[in-house]
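A look at the structure
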Amino acid sequence: MDTIIIDNIKDFNLQQTLECGQCFRWDMVKENSYNGVVLNKAVNATLNNGALTITGCCHSHKDFWLDYFDLKADYGKIRHDLSLIHPTLKEAATYAPGIRILNQDKWEALCSFIISQNNNIPRIKGIISRLCGEFGNKISDNAYTFPTPQELKNVTIDDLQPLRSGFRAKYIVDAVEKVNSGEVCLDRITTLPLPEAREQLIKIKGVGVKVADCTLLYGMHRLECFPIDVWMRRAMEVLFPNVAPEDFGQYAGIAQQYIFHYSRMNPTLFEEK
DNA sequence: ACCCAGGAAATTC
DNA sequence: GAATTTCATGGG
């Protein structure tokens, strides 16, 4: 089993990155150590003293993991620049300085955030886990790949019943159909200007602006995207009353993740006075 | 029993 | 058109 070590990493914490709501396929096995499935690899990631060790990553390159965890970017500098924009953003960024925006698979991000709507994180993880178990490929004892659109070709709502995803099943079916037919081309959307990229994604039933923005930010690394859900709406009203998302600039998506995580960890900020 | 959950579609006003 | 209801399912 192959191992990759990346050392000298700053501004990185696995718990903050993997449990901030951007991904659903990593589980803590102990402090600073997580098991997850990325593409077709079941891996463990462990971070100690700025050194990240990834095991189980056969046939993959170190460069892939630098990209996946966004380790090439200088988050210290980004956090510094964001902190100048607003004092509360500085507070949120300082609260979890180890968050990084992952480079996840586009299709997995799209599907995962379709499932996320009007749902809670533990159940989202359960539905995705069952989706992979039913339709993905078994790659180790308890690990399955995320099924590709090709592998889900011609899937029906009835086929998806074991997921217990409720009304979202028909949205998954529509996403599979539109991606397979080429009506929606995820590779092309990646580099499209934001309004057109959103417009394309929203052609899929069950995809609105929020799910589209999550797909763009977490699956296509469009860091200027600022997904607004119920938490972010409240956070903007209460913590940033006179600020527009555009004010956060080219790294608005990173700002959003700092604010989202900070808000979820401090729900009392939003209790009625 | 009731309420809510990283929303969006359907319906009503 | 804007505001409200509904949509499955599970947990607190």
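Residue positions are given per chain, counted from 1 along the sequence in the order it is written. Chains carry letters and ligands carry numbers; both start at the beginning, A for chains and 1 for ligands, and go up in the order they are written. Given that the model is predicted, a residue must reach a pLDDT of at least 70 before its local features are reported, and side-chain atom pairs must reach 80 or more before they are shown or counted; all residues, however, enter totals for whole chains, interfaces and linings. Only heavy atoms go into the side-chain values, all of them from the structure, while hydrogens and water stay out.

Digging into the protein's contact with DNA strand B
- Close to DNA strand B lie 27 residues, the nearest being Gly-21, Asn-119, Asn-120, Ile-121 and Gly-208.
- At the protein interface, 59% of the atoms of DNA strand B within 4 Å belong to sugar or phosphate.
- In protein, a polar contact requires one atom able to donate a hydrogen and another able to accept it; more generally it is a pair of N or O atoms within 3.5 Å, and residues adjacent in sequence count only if both atoms are side-chain atoms. One of the side-chain N or O atoms of Asn-118 is found 3.2 Å from a base nitrogen in DNA strand B.
- Take Arg-264: an N or O atom from its side chain is 3.3 Å from a phosphate oxygen of DNA strand B.
- A run of DSSP states H or I qualifies as a helix once it reaches four residues; a run of E qualifies as a strand once it reaches two. Both are numbered from the N-terminal end. Every element with two or more residues in the surface near DNA strand B is listed here: helix H10 (209-219), helix H11 (230-239) and helix H12 (252-265).
- Considering only residue class, the surface near DNA strand B consists of twelve nonpolar, eleven polar and four charged. Any residue with a heavy atom positioned within 4 Å of a molecule or strand is treated as near that molecule or strand. When residues are grouped by polarity, Ala, Val, Leu, Ile, Met, Phe, Trp, Tyr, Cys and Pro land in nonpolar, Asp, Glu, Lys and Arg in charged, and all others, Gly among them, in polar.

Digging into the packing of H11 against H12
- Axis lines are fitted through C-alpha atoms, for helices just across the contact stretch, and the angle between N-to-C directions can take any value from 0 to 180 degrees. Between H11 and H12, the least distance of the axes is 10 Å, while the angle of their chain directions is 90 degrees. With respect to their mutual orientation, H11 and H12 come out roughly perpendicular. Judged by residue contacts, Trp-231, Met-232, Ala-235 and Leu-239 of H11 engage Gln-256, Ile-259, Phe-260, Tyr-262, Ser-263 and Arg-264 from H12.
- Residues that form the contact of H11 with H12 fall into these classes: seven nonpolar, two polar and one charged. Roughly parallel covers angles under 35 degrees, roughly antiparallel covers those over 145, roughly perpendicular covers 65 to 115, and oblique covers all other angles. The contact criterion used is simple: two residues touch if any of their non-hydrogen atoms lie within 4.5 Å.

Details of the side chain of Gln-104
- Locating Gln-104 in the fold gives a position in the loop between helix H4 (87-95) and helix H5 (106-115).
- For Gln-104, the side chain forms a polar contact with the main-chain oxygen of Gln-22, separated by 2.7 Å.
- Other than its neighbours up to four places away in sequence, Gln-104 contacts Gln-22, Cys-23, Tyr-68, Tyr-218 and Gly-219.

Topic: the pattern of salt bridges
- Salt bridges are identified by distance alone: a Lys or Arg side-chain nitrogen within 4 Å of an Asp or Glu carboxyl oxygen. Taken as a whole and assessed by the stated rule, the structure comprises nine salt bridges.
- A salt bridge links Glu-108 to Arg-25; the shortest N-O distance between them is 4.0 Å. In this pair, Glu-108 sits in helix H5 while Arg-25 sits in the loop between helix H1 (14-18) and strand E2 (26-30), placing the two residues 83 residues apart along the sequence. Each member of the pair, Glu-108 as well as Arg-25, carries the same accessibility label: buried.
- One salt bridge connects Arg-198 with Asp-213, and the closest N-O pair in it is separated by 2.6 Å. Pair noted here: Arg-198 is in helix H9 (residues 194-201) and Asp-213 is in helix H10, with a separation of 15 residues, a long-range link.
- Residue Arg-198 is classed as partly exposed on the basis of its relative accessible area of 23%.
- Connected through salt bridges with shared partners, the residues Asp-63, Asp-67 and Lys-72 form a single ionic network. Exposure classes here rest on a 1.4 Å probe applied to the protein chains alone. A residue is buried below 20% of its type maximum, exposed above 50%, and partly exposed in between.

Some words on the sheet that holds strand E5 (residues 51-55)
- By definition, two strands form a pair when at least two bridges between them are found by DSSP. Strands sit in the order E1-E5-E4-E3-E2 across an open sheet of five strands; the sheet is antiparallel. Either end of the sheet is taken by a strand with one partner, and the two such strands are strand E1 (3-6) and E2. Geometrically, the sheet is characterised by an average inter-axis angle of 25 degrees between neighbouring strands, direction not taken into account.
- In this structure, strand E4 (residues 41-48) lies alongside E5, joined through five bridges in antiparallel fashion. Paired with Ala-45 across the bridge in E5 is Ile-54.

Here's the deal with the environment of Arg-164
- Among the secondary structure elements, Arg-164 is positioned in the loop between strand E7 (143-144) and helix H7 (169-181).
- For Arg-164 and Pro-149, which are 15 residues apart along the polypeptide, the C-alpha to C-alpha distance reads 19 Å.
- In contact with Arg-164, other than residues within four places in its own chain, are Arg-123, Ile-127 and Arg-130.

Brief notes about the pairing of E1
- The alternating pattern of E1 places Ile-4 and Ile-6 on a buried face and Thr-3 and Ile-5 on a face that is not buried.
- Looking at chain direction, E1 and E5 are connected through four bridges and run antiparallel. The residue of E5 that forms the bridge with Ile-4 is Ile-54.

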